[in-house]
Amino acid sequence: AMTLLAKGAGADADNNLGYFLMVEAGRIDHGSHTNDAAAVLGEVFELEEAWAAARRLLAESGAGGDDGDTLLVITSDHDCGGLSVGCCERLDVDTEGLMGLNASLAQIARHIVQGDVSAATALAEHGFPRAEHRIADIGEHERVMRTERILAAGQHAHAAGEQHSFPIDAIEEDNRGFARAVSRELAVGFTSHDHTGADVGVYAAGPGAEVLR
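A. Region of the structure containing a nonpolar patch on the surface. Taken together, the side chains of Leu71, Val73, Val202, Val211 and Leu212 present a nonpolar region at the surface, about 410 Å² in accessible area. Secondary-structure assignment places Val73 in strand S1 (residues 72-75).

Rendered as structure tokens:
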């Protein structure tokens, strides 16, 4: 994001025509579709850092602020997943557990399937707080994750009269139940795997920002 912004600012300095730059934090949407709380949080942090860095860069160049010539806008084209802070009869999110994860749940699912390790082992290696009652429940989703895509691929191949080799990338993609289970254990709830009708925020800084506030 910063490389693109710097290039845009440089182009503006060369021709005085101005520029429009859109940078997307797409993993927020991807993580919400699979109910992957770790992926969503990680991308939100990346977006926050990019926003702060953009404001610093513009301030240093004199293009930022209400007296500058560059408007920054941050928003979303839709809500996704229906994320809730707290779920499952728990109002307090397990922030320590969530912040302790060093990978998205999709990456952990890939580790389970490709590395042929248990859910307990993979989660522990990626910072998930070990608790036996949690692991037992999540382990069931591990087994489902390993078999659902195989069954679906087999049914499709049978209908088409084809043989199927069950590629590992097809199996690992079906991690929604696993991600949802781990997210729920961290008291992060989701109501959907799809886009929702919830309002989204619009935030702005720079000349003209008052129109969007």
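B. The layout of surface pockets, seen in detail. Looking at the largest pocket, its volume works out to about 1,600 Å³. For the lining of the largest pocket, the secondary-structure elements that each account for two or more residues are helix H1 (2-15), helix H2 (27-33), helix H3 (37-61), S1 and strand S2 (79-80). No other element matches H3, which puts nine residues into the lining of the largest pocket. Residues belonging to the lining of the largest pocket are distributed by class as follows: 24 nonpolar, eight polar and nine charged. Along the walls of the second largest pocket sit Ala37, Val40, Leu41, Val44, Leu83, Ser84, Val85, Val93, Thr95, Leu98 and Val188, which together make up its complete lining. Broken down by secondary-structure element, the contributors of at least two residues to the lining of the second largest pocket are H3, strand S3 (84-85) and helix H4 (95-100). Residues that form the lining of the second largest pocket fall into these classes: nine nonpolar, two polar and no charged.

C. Here's a closer look at the nonpolar core. Within the largest apolar cluster, 20 residues are counted, with the highest numbers of intra-cluster contacts made by Leu101, Ile108 and Phe178. Of the residues forming this core, the biggest block, four residues, is contributed by helix H5 (residues 105-115). Leaving out residues up to four positions away in the same chain, Ile108 has contacts with Leu101, Ala103, Ala122, Leu123, His126 and Phe178.

Basis of the calculations
Residues numbered from 1 in each chain as written. Predicted model: local features only at pLDDT ≥ 70, side-chain atom pairs only at ≥ 80, totals over all residues. Heavy atoms only, no water. Patch = residues over 30% accessible without salt bridge, like charges linked within 9 Å, V, L, I, M, F, W, Y side chains within 5 Å. Areas by Shrake-Rupley, 256 points an atom, 1.4 Å probe, with all protein chains shown as cover. Salt bridge = Lys/Arg side-chain N within 4 Å of Asp/Glu carboxyl O. Helix = DSSP H or I, 4+ residues; strand = E, 2+ residues; numbered from the N terminus. 1 Å grid on protein atoms, 1.4 Å probe; cavity = no way out; pocket = protein on both sides within 12 Å on 5 of 7 lines; lining within 4 Å. Points joined across faces, edges and corners; volume = space filled by probe spheres on them. Nonpolar A, V, L, I, M, F, W, Y, C, P; charged D, E, K, R; others polar. Core = buried A, V, L, I, M, F, W, Y, C linked by side-chain atoms within 4.5 Å. Buried < 20%, exposed > 50% of the residue type's maximum accessible area, 1.4 Å probe, protein only. Contact = heavy atoms within 4.5 Å.

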